[in-house]
Amino acid sequence: MPSTHPSSATAAFFDVDNTIIRGASAFHLAKSAYQRKFFGTRDILRFALIQARYLLWGENREEIDQVRDRALSLIAGRSVAEIATLGEEVWDAVLSLRIYPGTRRLLDEHIAAGHQVWLVTATPVEIAQLIARRLGATGGLGTVAEHKDGFYTGRLKGDLMHGQAKADAIVALAEVQDIDLDESYAYGDSLNDLPMMRSVGHPCPINPDLRLRRHAQEVGWPIREFRGRSQRAAGRGVRTASWAGAAWVLGLVLRAARRRLRGH
């Protein structure tokens, strides 16, 4: 439970995927982008497979890097305004419905206590800021894609907001915002969030993967579970989400196959 002592120098830092939102937000952005003809079936199949693996087994840095590189190439030449509009639509139609109520309550408790609340995620910074704004948080830190004259160049500014980059970002933010990290909180679901969580005085895994769970148990960190009433219920939710994604992808494959047959 967050402290009720209001202090502008105290902050709470939240990872997004599987901490605030069930699954990978980038997949839902990719799905919407596919429907807008940003790219073809092969790419959405790849993104869907990574989403299913993420729901079942957690983050994989190699796959995250692959998604990053491909996503950058796909948005090259697209306008910032177009991606912002896409993000708004995905939030309204999908992401807002996938928020863990328990995490939302925790986030609101921090806001009520007068704490700054920041989302820290590998998701593009525009989407991080959008989610933060919709949740009433202070702001969002995310991966920054370079743009020039309002259009994306296909390159990053800095590194992917992931792993050690998250810790570096909140340390830099703390200097600017005069945040006392020893009195601050950090929430994440993956061992990749460990550098960020070690940077504050009150780390707390939410829905942790196996490796983070083991670490938290070894060092005595509290653990929050917001995936359901029990781990069994949580597992059913993950499997349902994975099968739903798989069914959607299978439908794409079948439609593509029918188009090819008709073409012959």
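Relevant structure appears above.
Bear in mind the structure is a predicted one, so any value in this text is a computation, not a measurement. (Residues numbered from 1 in each chain as written. Predicted model: local features only at pLDDT ≥ 70, side-chain atom pairs only at ≥ 80, totals over all residues. Heavy atoms only, no water.)

**Some words on the overall build of the chain**
Here comes step 1: Within the chain, the secondary structure is distributed over ten helices and seven strands.
Here comes step 2: Here the chain holds 264 residues, and the buried ones make up 49% of them.
Here comes step 3: For the chain, restricting intrachain contacts to residue pairs at least 6 apart in sequence, the fraction spanning at least 24 positions comes to 62%.
Here comes step 4: For the chain, the computed accessible surface area is about 13,200 Å², with 53% contributed by carbon and sulfur atoms. (Helix = DSSP H or I, 4+ residues; strand = E, 2+ residues; numbered from the N terminus. Buried < 20%, exposed > 50% of the residue type's maximum accessible area, 1.4 Å probe, protein only. Contact = heavy atoms within 4.5 Å. Areas by Shrake-Rupley, 256 points an atom, 1.4 Å probe, with all protein chains shown as cover.)

**Points about the packing of helix α1 (residues 25-35) against helix α4 (residues 80-93)**
Here comes step 1: Contact geometry of α1 with α4 gives a least axis separation of 10 Å together with a crossing angle of 115°. Accordingly, the angle class assigned to the pair α1 and α4 is roughly perpendicular. The chirality of how α1 crosses α4 is right-handed. Taking contact as the criterion, the partners of H28, L29, S32 and A33 in α1 are, on α4, L86, G87 and V90. (Axes fitted to C-alpha atoms, helices over the stretch in contact; angles between N-to-C directions. Parallel < 35°, antiparallel > 145°, perpendicular 65-115°, else oblique. Left-handed = near helix turned anticlockwise from the far one by under 90°.)

**Thoughts on the pairing of strand β4 (residues 145-148)**
For a regular strand, side-chain orientation follows a simple rule: the groups alternate between the two sheet faces.
Here comes step 1: Taken together, the three bridges between β4 and strand β5 (residues 151-156) define a ladder with antiparallel strand orientation. Looking at the pairing, A145 lines up with L156 of β5.
Here comes step 2: Following β4, the chain reverses through two residues before pairing antiparallel with β5; D149 in that reversal takes a positive phi of roughly 55°. (Pairing = 2+ DSSP bridges.)

**A short note on the packing of α4 against helix α6 (residues 125-135)**
Here comes step 1: The N-to-C vectors of α4 and α6 enclose an angle of 45°; their axes lie 10 Å apart at closest approach. Our classification of the angle between α4 and α6 gives oblique. Both α4 and α6 take part in a crossing whose hand is right-handed. Within the contact between the two elements, α4 uses G87, E88, W91 and D92 and α6 uses I127, L130, I131, R133, R134 and L135.
Here comes step 2: Among the residues making up the contact of α4 with α6, the classes are represented as five nonpolar, one polar and four charged. (Nonpolar A, V, L, I, M, F, W, Y, C, P; charged D, E, K, R; others polar.)

**Describing the side chain of N207**
Here comes step 1: By secondary structure assignment, the location of N207 is in the loop between β7 (202-205) and α9 (210-219).
Here comes step 2: At 3.3 Å, the side chain of N207 forms a polar contact with the backbone oxygen of N18.
Here comes step 3: A polar contact is formed between the side chain of N207 and the backbone nitrogen of F226, at a distance of 2.7 Å.
Here comes step 4: Those residues in contact with N207 that sit more than four places away from it in its chain are N18, T19, Y100, D189, R224, E225, F226 and R227. (Polar contact = N/O pair within 3.5 Å; in protein donor to acceptor, adjacent residues only side chain to side chain.)

**Quick word on a negative patch on the surface**
Here comes step 1: A cluster of acidic side chains, namely D178, D180, D182 and E183, defines a negative patch on the protein surface.
Here comes step 2: When you line up the elements, D178 lands in the loop between α7 (164-177) and β6 (185-188). (Patch = residues over 30% accessible without salt bridge, like charges linked within 9 Å, V, L, I, M, F, W, Y side chains within 5 Å. Salt bridge = Lys/Arg side-chain N within 4 Å of Asp/Glu carboxyl O. Lys, Arg positive; Asp, Glu negative; His and termini not counted. Charge placed at Lys NZ, Arg CZ, Asp CG, Glu CD.)

**Some thoughts on the pattern of salt bridges**
Here comes step 1: Overall, the coordinates contain nine salt bridges when judged by the stated rule.
Here comes step 2: Linking E82 and R78 is a salt bridge whose minimum nitrogen-to-oxygen distance equals 3.2 Å.
Here comes step 3: Residue classification places R78 among the partly exposed positions, given a relative accessible area of 23%.
Here comes step 4: In this structure, R134 engages E88 in a salt bridge whose closest nitrogen and oxygen atoms are separated by 2.4 Å. One end of the pair, R134, is in helix α6; the other, E88, is in helix α4, with 46 residues separating them in the sequence.
Here comes step 5: Through salt bridges with shared partners, a single ionic network connects E88, D92, R133 and R134.

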